[in-house]
Amino acid sequence: MIIERNLAPYIVFAQDPVLVGLQKISANRERIVFCVDEHGILRGSLSDGDFRRWIIANPTSSLEISSGEVANATVRSAAASTNPAELAPLFGRGGISHIPLVDDRGHLVGIAIDRDDVLRISDREIGEGHPAFVIAEVGNNHNGSIDLAKHLVDLAVEAGADAVKFQLRDLEALYRQGGGASGGEDLGVQYTLDLLAKYSLPAESLFRVFDHARERGIAVMCTPWDAPSVQALVDYGIPALKIASADLTNHELLRDAGSRQVPLVLSTGMSREEEILETTALLRTLGTGFALLHCQSTYPAPFKDVNLAYLERLAEIGDCIVGYSGHERGWHVPVAAVARGARIIEKHFTVDRTMEGNDHTVSLLPGEFATMVQQIREVESAMGDASPRVVSTGEQMNRVNLAKSLVAARPLAVGEVIHEADVAVKSPGRGLQPNALSQLLGRTLRRDLAAGDFFFAGDLTDTVSVGRQFEFRRPWGLPVRYHDFAALIADCTPDFLEFHFSYKDLELDPATVFDRPLDMGFTTHLPDLFPGDFLVDLASRDDEVWERSIAEVQRTIDVTRSLKQWFPRETEPIMVVTMGGFTKDRHLDPAERPAMYARVADALARLDTTGVRIAAQTLPPHPWLMGGQAFHNLFVDPRDTAEFALTTGTGLCFDVSHSKLAANFLGIAFSEVVAALAPLTTHLHLVDATGIDGEGVQVGEGEVDWPQLAAALDELAPGVSFIPEIWQGHVDSGAGFWTALDRLEQWL
Ligand SMILES: C=C(OP(=O)(O)O)C(=O)O
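Quick look at the structure, then. None of these values were measured; they are calculated from a predicted model.

Some remarks on the pairing of strand S9 (residues 124-127)
Here S9 shows two buried faces, one formed by Arg124 and Ile126 and the other by Glu125 and Gly127. Pairing of strand S8 (residues 118-121) with S9, which is carried by four bridges, proceeds in the antiparallel orientation. Bridging across to S9, valine 118 finds its partner in glycine 127. Where S8 folds back onto S9 in an antiparallel hairpin, the turn is made up of two residues, including serine 122, whose phi is positive at roughly 50°.

Thoughts on the side chain of aspartate 640
Mapped onto the elements of the fold, aspartate 640 is located in helix H21 (residues 638-648). At 2.8 Å, the side chain of aspartate 640 and the side chain of arginine 593 are in polar contact. In this view, aspartate 640 contacts Arg593, Tyr597 and Phe635; residues no more than four positions away in its chain are not counted.

Things to note about the environment of asparagine 28
Mapped onto the elements, asparagine 28 comes out in helix H1 (residues 18-28). Taking the relative accessible area as the measure of exposure, asparagine 28 reaches 5% and is therefore buried. Taking the C-alpha atoms as reference points, asparagine 28 and proline 9, separated by 19 residues in sequence, lie 5.9 Å from one another. With near-sequence residues (within four places) excluded, asparagine 28 lies in contact with Pro9, Tyr10, Val33 and Arg120.

Looking at the pattern of salt bridges
Evaluated as defined, the whole model comprises 44 salt bridges. A salt bridge links arginine 272 to glutamate 274, with the shortest nitrogen-to-oxygen separation between them at 3.8 Å. Using a relative accessible area of 52% as the deciding quantity, one classes arginine 272 as exposed. Linked by salt bridges that have partners in common, Arg29, Glu30, Arg120 and Glu125 make up one network.

Some details on the sheet that holds strand S29 (residues 651-655)
Strand pairs in the sheet, formed through backbone hydrogen bonds, run parallel or antiparallel to each other. Overall, parallel pairing links the eight strands, which are arranged S20-S21-S22-S23-S25-S29-S30-S33 in an open sheet. Across the chains shown, the open sheet's two edge strands, defined by having one partner strand only, are strand S20 (477-480) and strand S33 (721-724). Across this sheet, the average inter-strand angle for adjacent strands is 25°, counted without regard to direction. Note that strand S25 (residues 613-617) and S29 share three bridges and pair parallel. Bridge assignment links alanine 616 to a residue of S29, and that residue is leucine 652. Against the sheet, helix H25 (residues 731-745) engages S20, strand S30 (681-686) and S33, with an angle of about 130° to S33.

Rules of the game
Residues numbered from 1 in each chain as written. Predicted model: local features only at pLDDT ≥ 70, side-chain atom pairs only at ≥ 80, totals over all residues. Heavy atoms only, no water. Buried < 20%, exposed > 50% of the residue type's maximum accessible area, 1.4 Å probe, protein only. Helix = DSSP H or I, 4+ residues; strand = E, 2+ residues; numbered from the N terminus. Pairing = 2+ DSSP bridges. Polar contact = N/O pair within 3.5 Å; in protein donor to acceptor, adjacent residues only side chain to side chain. Contact = heavy atoms within 4.5 Å. Salt bridge = Lys/Arg side-chain N within 4 Å of Asp/Glu carboxyl O. Axes fitted to C-alpha atoms, helices over the stretch in contact; angles between N-to-C directions.

Right under this line is the structure:
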């Protein structure tokens, strides 16, 4: 439980319209506000439930009605002096999680909240489901210089820290001899005192540094080592206090700090478990929000003494948010601590490890700290949620390439019953997976198979998936390969075929593919991969890559042109090109994009495109290039994509899956993407998407709002051709394409 005394987000005046109350409820995310009169006297509660009950009872009432009239006047309150231990049993009854605390004249002075799973420091929430809160502990590493302290704040901001922390001591109050006098003390104490006397910053100087941190938008924390320092920090308005390990048993300081209505973060180094238990019990009587940091108080701490496994026990015995304050070398241990549940990480921070003072040696330099923060974020993103394992989109692709399938061991004819000897397990994994063997055995074949042909899911059912004559308001086509187009058009007549070339296809003489001209149109698609793992990149700054990219695109244009003789209806075929602009390890700064687009434009200007319309394919933020995650920088953001199309006159192949992923990644509405791209679109790839990298998903099984998209396309890109580009839609006699077309027909 915490006792909240910052009441502004939780109160609404009785005369305020109820809408104001509802807005406050949304803003404070606590699902409740309390209604007070002009003297601050509690008049009732206004929760989501109170409002719902009222609106059901008064369905025609205006929202201009005052909050006081809607509020529940019988809300249960408690006296401000009530001990938190007495408040605790009141929670939970009837769903109560907030108890208003009133003084003896009925003024609202606090709210007891049944919450210790989230700690709020400045505008950050800490706890399960939130990114770890990373504190750059400057401590006294400013060595007494305000300028260096401010510089460290700037560096902490750049390194991605969530907070900077300092230490404040009143040496007169803190040490038994007062001031920096150390005569008669042990060696260690003398050394520490000498350093503190030399390098501590007084409160007023530290506050100038805190002001600077606020201006830079980073949370500021401080460890008070004595009562005057607690008072000074609270007077300053510090958003959270840190309690050093050395003070874990200092109940007087804890009582003082814990009654100041700011969250406490306590380190547990140099402590025994019973001391930690005693302290948490004490804090619970104060009603303050707190977190415990596991810590090994040696500088540097030997790895063998760190005992990260204790984090779990600490969370259990403290029943609170836990974190880790690290004094070991390097930053891999804090990263591991995050993986073991630390929600707060504190690590010392300096500009120079050789400076005088015992914290410098265990501090991270700014670049190291930035790496730690980045690695923490990467590990957080890698943590997942232990839900049942699913196959990622990239894995699905690799599974096709690397796994195995059930194939015909010999030619098999329609009507034959499948026996074990008829089936072999071979790579690649395009067909039924080997574990489907028992389902396949004993089934009667409904199609002929050559030796080596895949068995598909369709062979396990009695209904065969076939194409049919589909009806659309715009030209529709099928994505095909040279080797499968004839089978795919056996039962349907698309308006056109889109040939997705492999690099080997480019070497084939079309006369060996087509035995007669076809009465339909065609489009083509640049191969995704060329010999020697080469990916076309018309934006490349590497001249060799750029020249070869231009040559490969030109070669594909030439092949496209040569196909026209087999498709007399097609006068100017579209060729879809993935232009490039990808990187392997990270997205580039958007400022780098204009030069890259210019490079693409220069490459396009070098091509002889006579008789062929190039369409630049819109791209996802994270393509699965060569079976692994990569980063696309161009044709992802609809704004620069549209600008490129407009300024170069290049048409777009609007890939709905790719651009939906881009919208999710960029946090923009997909309708905005459609509005920007559809008017510049000459060709469409229609396919669904999930998240930021789930591409190729079956229509209706992802996140695209198809009726809305279809209406927008009717308006902004009428008559523009499309293919259903379902991943692996061609397998199992085109089952994926037929399902997609069946579904699309109702909207397009
Ligand atoms: C010394 C401090 O903390 P820890 O015990 O985490 O090192 C501090 O916060 O000043």
